[in-house]
Amino acid sequence: MTVLCFLSRSLQLGRHSSSPLGRQLCSASTNKPVLTLFTKKPCPLCDEAKEVLEPYKRRFILQEVDITLPENSTWYDKYKYDIPVFHLNGTFLMKHQVDIQKFEEQLMKLELANHGNQ
(Lines give C-alpha, C1' and ligand atoms only; values in the text may rest on other atoms or scores of the structure.)
Protein backbone atom coordinates (compact mmCIF):
# COMPACT_ATOMS: atom_id res chain seq x y z
CA MET A 1 0.00 0.00 0.00
CA THR A 2 1.19 3.51 -0.73
CA VAL A 3 0.23 6.46 1.39
CA LEU A 4 0.46 9.87 -0.23
CA CYS A 5 0.50 12.85 2.10
CA PHE A 6 -0.10 16.07 0.22
CA LEU A 7 1.49 18.93 2.15
CA SER A 8 1.28 22.37 0.56
CA ARG A 9 3.19 22.14 -2.71
CA SER A 10 5.39 19.23 -1.71
CA LEU A 11 4.54 15.56 -1.81
CA GLN A 12 5.62 13.15 0.87
CA LEU A 13 5.50 9.49 -0.05
CA GLY A 14 5.64 6.77 2.55
CA ARG A 15 5.09 3.04 2.53
CA HIS A 16 3.37 1.53 5.53
CA SER A 17 2.36 -2.06 6.10
CA SER A 18 -0.97 -1.22 7.71
CA SER A 19 -3.50 1.32 6.55
CA PRO A 20 -4.40 2.63 10.05
CA LEU A 21 -0.75 3.50 10.67
CA GLY A 22 -0.46 5.37 7.39
CA ARG A 23 -3.70 7.21 8.06
CA GLN A 24 -2.56 8.20 11.57
CA LEU A 25 0.88 9.35 10.45
CA CYS A 26 -0.46 11.56 7.68
CA SER A 27 -3.58 12.95 9.32
CA ALA A 28 -1.73 13.70 12.55
CA SER A 29 0.74 15.89 10.69
CA THR A 30 -1.79 17.63 8.45
CA ASN A 31 -5.27 17.35 9.97
CA LYS A 32 -6.57 16.65 6.48
CA PRO A 33 -9.22 14.06 5.65
CA VAL A 34 -7.96 10.73 4.30
CA LEU A 35 -9.41 9.56 0.99
CA THR A 36 -8.75 5.84 0.52
CA LEU A 37 -8.83 4.48 -3.02
CA PHE A 38 -9.28 0.72 -3.32
CA THR A 39 -7.63 -0.20 -6.62
CA LYS A 40 -5.57 -2.74 -8.54
CA LYS A 41 -3.17 -2.65 -11.48
CA PRO A 42 -4.19 -1.92 -14.14
CA CYS A 43 -7.27 0.13 -13.39
CA PRO A 44 -8.10 2.72 -16.07
CA LEU A 45 -11.23 3.79 -14.15
CA CYS A 46 -9.07 4.45 -11.07
CA ASP A 47 -6.70 6.56 -13.17
CA GLU A 48 -9.66 8.57 -14.49
CA ALA A 49 -11.00 9.03 -10.96
CA LYS A 50 -7.64 10.35 -9.75
CA GLU A 51 -7.60 12.84 -12.63
CA VAL A 52 -11.06 14.10 -11.64
CA LEU A 53 -9.85 14.53 -8.03
CA GLU A 54 -6.61 16.28 -9.02
CA PRO A 55 -7.93 19.85 -8.40
CA TYR A 56 -8.78 18.86 -4.80
CA LYS A 57 -5.52 17.07 -3.93
CA ARG A 58 -4.29 19.74 -1.51
CA ARG A 59 -7.39 19.29 0.62
CA PHE A 60 -7.00 15.58 1.43
CA ILE A 61 -4.53 12.74 1.85
CA LEU A 62 -4.80 10.03 -0.81
CA GLN A 63 -4.23 6.50 0.40
CA GLU A 64 -4.21 3.79 -2.26
CA VAL A 65 -4.93 0.18 -1.30
CA ASP A 66 -4.05 -2.47 -3.88
CA ILE A 67 -6.75 -5.08 -3.28
CA THR A 68 -4.72 -7.77 -5.08
CA LEU A 69 -2.04 -7.88 -2.38
CA PRO A 70 -2.34 -10.86 -0.01
CA GLU A 71 -2.70 -8.63 3.07
CA ASN A 72 -5.73 -6.94 1.44
CA SER A 73 -7.71 -10.11 0.63
CA THR A 74 -10.69 -8.91 2.68
CA TRP A 75 -10.94 -5.82 0.50
CA TYR A 76 -10.49 -7.95 -2.63
CA ASP A 77 -13.41 -10.17 -1.62
CA LYS A 78 -15.56 -7.10 -0.96
CA TYR A 79 -14.62 -4.86 -3.91
CA LYS A 80 -13.20 -7.05 -6.71
CA TYR A 81 -16.08 -6.12 -9.05
CA ASP A 82 -16.53 -2.52 -7.93
CA ILE A 83 -13.24 -0.63 -8.17
CA PRO A 84 -12.58 2.15 -7.95
CA VAL A 85 -14.05 2.37 -4.45
CA PHE A 86 -13.48 5.35 -2.17
CA HIS A 87 -13.69 5.71 1.60
CA LEU A 88 -13.39 9.10 3.27
CA ASN A 89 -11.90 8.92 6.77
CA GLY A 90 -12.68 5.20 6.88
CA THR A 91 -16.32 5.49 5.76
CA PHE A 92 -17.59 4.32 2.38
CA LEU A 93 -18.11 7.28 0.07
CA MET A 94 -18.55 6.13 -3.55
CA LYS A 95 -17.68 3.47 -6.13
CA HIS A 96 -17.25 2.99 -9.88
CA GLN A 97 -16.73 6.71 -10.56
CA VAL A 98 -16.30 9.98 -8.71
CA ASP A 99 -19.50 11.67 -7.66
CA ILE A 100 -17.95 15.13 -7.41
CA GLN A 101 -20.95 16.74 -5.71
CA LYS A 102 -21.05 14.07 -3.00
CA PHE A 103 -17.27 14.26 -2.61
CA GLU A 104 -17.29 18.07 -2.25
CA GLU A 105 -20.14 17.97 0.28
CA GLN A 106 -18.48 15.35 2.47
CA LEU A 107 -15.05 16.97 2.20
CA MET A 108 -16.50 20.34 3.21
CA LYS A 109 -18.25 18.79 6.23
CA LEU A 110 -14.97 17.29 7.43
CA GLU A 111 -13.05 20.50 6.82
CA LEU A 112 -15.61 22.52 8.79
CA ALA A 113 -15.53 19.99 11.63
CA ASN A 114 -11.70 20.06 11.70
CA HIS A 115 -11.66 23.86 11.59
CA GLY A 116 -14.11 24.01 14.50
CA ASN A 117 -11.93 21.67 16.59
CA GLN A 118 -8.78 23.78 16.27
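Everything discussed here concerns the structure shown above.
Notes on the structure in this doc start here. By convention here, each chain's residues receive numbers from 1 onward along its written sequence. In view of the model being predicted, local features appear only for residues whose pLDDT reaches at least 70, and side-chain atom pairs are presented and counted only at 80 or more, with totals across whole chains, interfaces and linings using the full set of residues. Hydrogens are left out, water is left out, and the side-chain values use all remaining heavy atoms of the structure.

### Things to note about the pairing of strand β3 (residues 34–39)
- Along β3, six of the six residues are buried, which leaves the element largely enclosed by surrounding structure.
- Of the two faces of β3, the one holding Val 34, Thr 36 and Phe 38 and the one holding Leu 35, Leu 37 and Thr 39 are both buried throughout.
- In this structure, β3 lies alongside strand β4 (residues 61–66), joined through six bridges in parallel fashion. Residue Leu 37 lies in a different strand from β4, and its bridge partner there is Glu 64.
- The crossover handedness rule: strands pointing away from the viewer, path from first strand over the helix to second strand clockwise, crossover right-handed. Secondary structure elements are defined from DSSP: runs of H or I of at least 4 residues count as helices, runs of E of at least 2 residues count as strands, and each element is numbered from the N terminus. Handedness of the crossover joining β3 and β4 through helix α2 (residues 44–53) is recorded here as right-handed. Partly exposed residues are those whose accessible area sits between 20% and 50% of the maximum for their type, while under 20% is buried and over 50% is exposed, using a 1.4 Å probe and protein chains only. Being paired, for any two strands, means DSSP has found at least two bridges between them.

### A look at the state of the cysteines
- Note on terminology: disulfide denotes any pair of cysteine sulfur atoms within 2.5 Å. Per the stated rule, a full pass over the model turns up one disulfide.
- With its sulfur 2.1 Å from that of its partner, Cys 43 forms a disulfide with Cys 46. In this structure, the disulfide formed by Cys 43 and Cys 46 twists by about 70° around the S-S bond and is classed as right-handed. Here Cys 43 matches Cys 46 in class, with each residue buried.

### Details of the nonpolar core
- Joining through side-chain atoms within 4.5 Å is the link that ties buried Ala, Val, Leu, Ile, Met, Phe, Trp, Tyr and Cys residues into a set, and such a set is a nonpolar core. Counting 22 residues, the largest nonpolar core has Leu 35, Leu 53, Phe 60, Phe 86 and Phe 103 as its most contacted members.
- Looking at this core, the elements that each hand over two or more residues are β3, α2, β4, β5 (85–88), β6 (91–95) and α4 (100–116).
- Contacts of Phe 103, omitting those with residues within four sequence positions, involve Leu 35, Leu 53, Tyr 56, Phe 60, Leu 93 and Met 94. What makes two residues a contact is simply this: any of their non-hydrogen atoms within 4.5 Å.

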